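A look at the structure
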Amino acid sequence: ADHPALLPIIRNLAQIARITGDRSSARRHLDRAAELARARYGPEHLELAALLEDLGNTLATGEAPAEAMPVLEEAMAIRRRRVGPDDPSLANNWLAQAKVHIEAEDWVSTDAALDRAEAIAPSAAHRSAIVFTRAESRWRRGDARVAKRLAREARALILDRPDQAGLLATIDGWLAAH
């Protein structure tokens, strides 16, 4: 049965699973939530796009980055049809796609996705995450000097943002390790 409260509950369970590192459960919950959203709202709803992006991010940062791209592309297609190709809500999807390309060491696609994300990033926090991902990409390519400079730039974008303490800690940890 599809009770109206079921979809947000399943989505919350997926978020808890991701936060605790249980990507398998997160994936299972997000698959179920996307199935419910398709049935409830149809194939063109922004809620479905958001769930697919969550699923794509889970796959991209877990053990199945290659499986992430079709999911992210479906979410991107829904958003583009609903909000247009340059809407800031697409920035997170472009960032997730860049992470998949980094794992595949596809640098041309990585840079293109990061450029698109940065061009429409809706906030300094988004830009920071994008610039930091660019830093990680440059590190993977062996360009330590540029990677560290970019990480410092990403840090500067959120230094005065207490709501971004998690991202700041991630960047600081990366800088300390590199």
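Parameters at a glance
Residues numbered from 1 in each chain as written. Predicted model: local features only at pLDDT ≥ 70, side-chain atom pairs only at ≥ 80, totals over all residues. Heavy atoms only, no water. Core = buried A, V, L, I, M, F, W, Y, C linked by side-chain atoms within 4.5 Å. Buried < 20%, exposed > 50% of the residue type's maximum accessible area, 1.4 Å probe, protein only. Helix = DSSP H or I, 4+ residues; strand = E, 2+ residues; numbered from the N terminus. Contact = heavy atoms within 4.5 Å. Expected span 1.5 Å × (residues − 1). Arc of directions from axis to C-beta.

**Structural notes on the nonpolar core**
Most often, soluble globular proteins have nonpolar side chains that are buried together. The biggest cluster of nonpolar side chains holds 24 residues, and the ones touching the most others in it are Leu7, Leu48, Leu51, Leu52, Leu59, Ala68 and Val100. Contributions of two or more residues to this core are made by helix H1 (6–19), helix H2 (23–41), helix H3 (46–60), helix H4 (65–83) and helix H5 (91–103). A total of 7 residues in this core trace back to one element, the largest contributor, which is H3. Setting aside residues up to four positions removed in sequence, Leu48 forms contacts with Ala34, Ala37, Arg38, Gly42, Pro43 and Ile78.

**What to know about helix H6 (residues 107–120)**
An α-helix turns once every 3.6 residues. As a result, residues three or four positions apart point the same way. Counted at 1.5 Å a residue, the expected span for H6 with its 14 residues is 20 Å, and the 20 Å between its end C-alpha atoms agrees. Along H6, the residues that are buried comprise Thr110, Ala113, Leu114, Ala117 and Ile120. All buried residues of H6 project into a common sector of 140 degrees when viewed along the axis, lining one side. In this structure, H6 carries Val108 and Ala119 as exposed residues pointing more than 90 degrees from its buried face. For H6, the secondary structure elements touched by its buried residues are H5 and helix H7 (124–140).

**Quick look at unusual backbone geometry**
Within the chain, Glu105 stands out as a residue other than glycine whose phi angle is a positive 55 degrees. With respect to the element layout, Glu105 can be found in the loop between H5 and H6.

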